[in-house]
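What follows is each chain in one-letter form.
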Amino acid sequence: METKLTPSLLALAIGATLSVPATAEVVLSQYVEGSSYNKAIEIANTGDSAVSLDDFVLAKSSNGGGSWDTTLPLTGRVIAANDVLVLSHSSANSDIQAVTDENNSSVVNFNGDDPVALLNSDGSVHDMLGEMGDVDWGKDATLVRSDFTPSATYQASQWAVLAKDNIEGLGSLEADELPEAFACTQDGSEPVFTSIQDIQGEGETSPFIDGYPYITDEEYFVKGVVSAVTTGITKGFYLQALEDDYNDNTSEGLFVYTNLSQSDLQPGDVVCVKGKVQEFYNLTQLKAENNNWVKQGEQAAPQATEITILESDENFEQTLERYEGMLVKTTEALDMRVTRTFGYDYAGRRNNMVLAQGRINMQPNQLFAASSDEALQQSEENAQRRVFVESDQKAADGQVPFYPEFGRTDVDQDGSTEDYIRIDDTVVGLEGVLSYSYNEYRLIATNLLTQDNFVRNDPRTDSPDMEEGDLRIATFNVLNYFNSPFGGDANQHGDNRGADSYEEFEVQQEKILNAIIRLDADIVGLMEIENNGFGDGAAIRQLVEQLNLRIPKKKDRYEFVAVDSNGDGVTDENDSVGTDAITTGVIYRKKVVKLKDTLVIPMPSQQAPEVLDDSGKVIEDGKNYQRDTLAPTFKVKAMKGIKGEDDRITVAVNHFKSKGSKCWEDAAPVEDGGQGGVDADKQGSCEHFRVAAAVALGDALKEVKGHKVILGDMNSYGMEDPMLVLTDYSADLYGKEIKAARNTYIDGEVQFGDQGGVITESYGYINAVAMKHPTSWSYSYNDEVGALDHLLISKSLKHKVVDATDWHINGGESTLFDYNDEYKGDFPKYQDHYRSSDHDPAVLELNMAGSFSFGAVMSLFGLALWRRRQ
């Protein structure tokens, strides 16, 4: 008999009539991965007698994970001679069900990256379809067998590819009469070709498109040379014009959409293709169906074109539009900066990296008040400057596909890799084809990068680069440092949020310790440390003990601030700061400061009414909580001979309510005083609740004498409402009203009632980092950076500030370098200080012993009267 070829397959296997072995053979013969649950697997018996499947198992490897984790024994099933068995998902459409022998929703439930196999009774592979490694080898496609020899490894050449939802031939091994293949002719002669430049036009959309349905009725012939073939993210190939039209405003490239997961085309192939012009979600493309293309020759593969900004370009989006569909290259002059390192893109549902032209993208509320014209303008400019960088195929765990050496080298054996990507690096010599999807320009990389392709605008450092005084204060989020699962005291308030294994915990601890040692601060405020008391097995005690083991000089070692929360006269595992599973903590050097008093400032809770949707379902219960503030007061030993308030400094360590979980104001309808679920000012959730916390903190610290520093993870960017309340807010200055959340309570006492609170004054603190480095940042979210971790000082300290900065060891580094093993594959583990958390430490240098100028002069001559590192 003949192979399973249907009319539309001839372009893929012209005239193929491969003979089937005379003996009976059981093989996978067709695979359907269509829309929704339109999924099916066909098994064929190519012999002349019936075959029992008792010794076979149909198996699937979820996401190509390497094991056959979902199986279906085929015992009891028989396939007649020259016949097939079709298994489909129970929710497949009626056309598939019409030729289905049996429904199955476990094995026959795949998404294009799940290999399928026939296993022998001993577990060995008899016949396999697909690639291991979480690769989209069969997504949105129908595969039909053209070579019926079973293979224990996937042989793509044995399979012809049909478009998504095409089920021609499913349920039968009979071959139909084969038509002629596509020929590049029109009425028997060479067609009239339409140029790529004419299809692209000079505007944002093709001049061939005139509104909905954004596709032409007429088909056009186009000829060009292949610059790239993509069978993963964008299924098709990219054509480059054979002739330049010397018009900078028209692109020389065009994407040809085929919806095929395999292709024999190569860069340099000259191709004739017929298809309809389409604007597919603002990507100009040629939609080619039924294999309507043919290779006509070969020439040198196109060279990547350097992207150049024209003076006439209104913005960088307009620049990119001129190169849509082309093979392009970044240059040092173009200055494409990493504004998000390689990681998961939730919108695109894949791993990628984001670049921004000329500068990194600052979160709009970092430099400008939320909802101001300037913040809105910043947001618009961020969108115009960004371009995503990704690979055609899904990236394997622990790998950056266009940078294969990423994180793999440690040439000098110093415990850190030389191959890394950091936010603010300029990427030079990156090549790829320029596409557009999910409302973003996307560069699909076609070459491989090395460390030589990166200009380090903000290089790694082993310690904070800053001017020094005589007192260093820092804030450090330790990213859920939990020791209770690994021999520490039990947590009274919740479950483990940190390392999942002892091996992960060891890496986490070493990275944190390395960071704190290099931070070299005299007082460190900690966030996200486990709230399991102050006893022998407390997380903060273990952290300090391990830290001191690595500090040679006894006088340089640390102690921690303990709290007797239950008033029993001792500090042990039953004490805590607040009632969350994580808390704030403080460690300090006794040689520099002496602990005088410890204050815990209770933060507000919200006890508001439930918010219901139209069906009466609760969408927000109105009950929200914050972590209490730990505020110890120290006497600064550098201030010898000075008594009273001037020698005291209170360090209030905070971790305000996060932006992720909703509060009443976020969920409630606008007519009831809420925001209706809309975050118009990009402050995230619970900004009103954080304003209430800022008021509680400001009011409590009014009663504290001496110098004051507010530090910690405020979950607020530099110019968001809680920060304005703590610094310099007035309605006249900022032209906006700031409100606190409704129904807030502090220790059971009403703070703000049913109407919330309108804030009319601020507390006058100074943002020290912003004062010294106005564009500094400490955190990365999506492709924007900003500071959530702050150091706010009382006005009494302003003249004592030597320097203040964010130390970029975490926020700008890839998540592949953190302690967690998930999604890392065989990625090497490093115990250095890089990516010890997801937040950068913020560091403040004060000169407490005298004026700044005096301290600076004495430092120059090495005659400082008091140095902590003597």
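The structure contained in this document is the topic of the report that follows. The model shown is predicted, which means the values in this text are computed figures rather than measured ones.

**Describing the sheet that holds strand β39 (residues 648–655)**
(1) Moving on: Spatial ordering of the open sheet is given by β33-β38-β39-β40-β48-β45, a layout of 6 strands whose pairing is mixed. Both outer strands of the open sheet, β33 (593–601) and β45 (766–767), are each paired with one neighbouring strand and no more.
(2) Moving on: By the bridge criterion, 4 bridges tie strand β38 (residues 629–636) to β39 in an arrangement that is antiparallel. Of the residues in β39, the one forming a bridge with F634 is I649.

**What to know about the environment of L630**
(1) Moving on: The topology assignment puts L630 in strand β38.
(2) Moving on: A relative accessible area of 0% means that L630 is categorised as buried.
(3) Moving on: With 69 residues separating them along the chain, L630 and V561 place their C-alpha atoms 9.1 Å apart.
(4) Moving on: Setting aside residues up to four positions removed in sequence, L630 forms contacts with V563, V577, T584, G585, V586, T598, L599, V600, V651, A652 and V653.

**A closer look at helix α9 (residues 687–702)**
(1) Moving on: Compared with an ideal rise of 1.5 Å per residue, which puts 16 residues at 22 Å, α9 spans 23 Å between its outermost C-alpha atoms and is within 8% of the ideal.
(2) Moving on: The element α9 is extensively covered by neighbouring structure, given that 13 of its 16 residues are classed as buried.

**Overview of the sheet that holds strand β31 (residues 558–560)**
(1) Moving on: Read across the open sheet, the 6 strands follow the order β31-β32-β30-β29-β50-β49; overall the sheet is mixed. Each of the sheet's edge strands pairs with one partner strand only, and the pair in question is β31 and β49 (801–806). When the angles between neighbouring strand axes are averaged without regard to direction, this sheet yields 20°.
(2) Moving on: For strand β29 (residues 471–481) and strand β30 (residues 523–530), the ladder comprises 6 bridges, and the chain directions are parallel. Directly across from A474, in β30, lies its bridge partner V524.

**Topic: the nonpolar core**
If you look at soluble globular proteins, the nonpolar side chains tend to sit buried side by side.
(1) Moving on: Counting residues in hydrophobic clusters, the biggest one holds 67 residues, and the most contacted among them are I473, I587 and L844.
(2) Moving on: In terms of nonpolar packing, the next biggest core, distinct from the first, is built from 45 residues, I41, L53, V108 and W159 among them.

**A look at the pairing of strand β26 (residues 431–437)**
(1) Moving on: Of all 7 residues in β26, 6 are buried; the element is thus mostly enclosed.
(2) Moving on: Sheet topology note: the strand β20 (residues 327–329)/β26 ladder contains 3 bridges and is antiparallel. Along β26, the bridge assignment pairs K329 with E431.
(3) Moving on: One ladder, built from 6 bridges, connects β26 with strand β27 (residues 440–445); its direction is antiparallel. Its bridge partner being in β27, S435 is matched across the sheet by R442.
(4) Moving on: Taken together, β26 and the strand that follows it, β27, pair antiparallel across an intervening segment of 2 residues, in which Y438 is found at a positive phi of about 50°.

About the criteria used
Residues numbered from 1 in each chain as written. Predicted model: local features only at pLDDT ≥ 70, side-chain atom pairs only at ≥ 80, totals over all residues. Heavy atoms only, no water. Pairing = 2+ DSSP bridges. Helix = DSSP H or I, 4+ residues; strand = E, 2+ residues; numbered from the N terminus. Buried < 20%, exposed > 50% of the residue type's maximum accessible area, 1.4 Å probe, protein only. Contact = heavy atoms within 4.5 Å. Expected span 1.5 Å × (residues − 1). Axes fitted to C-alpha atoms, helices over the stretch in contact; angles between N-to-C directions. Core = buried A, V, L, I, M, F, W, Y, C linked by side-chain atoms within 4.5 Å.

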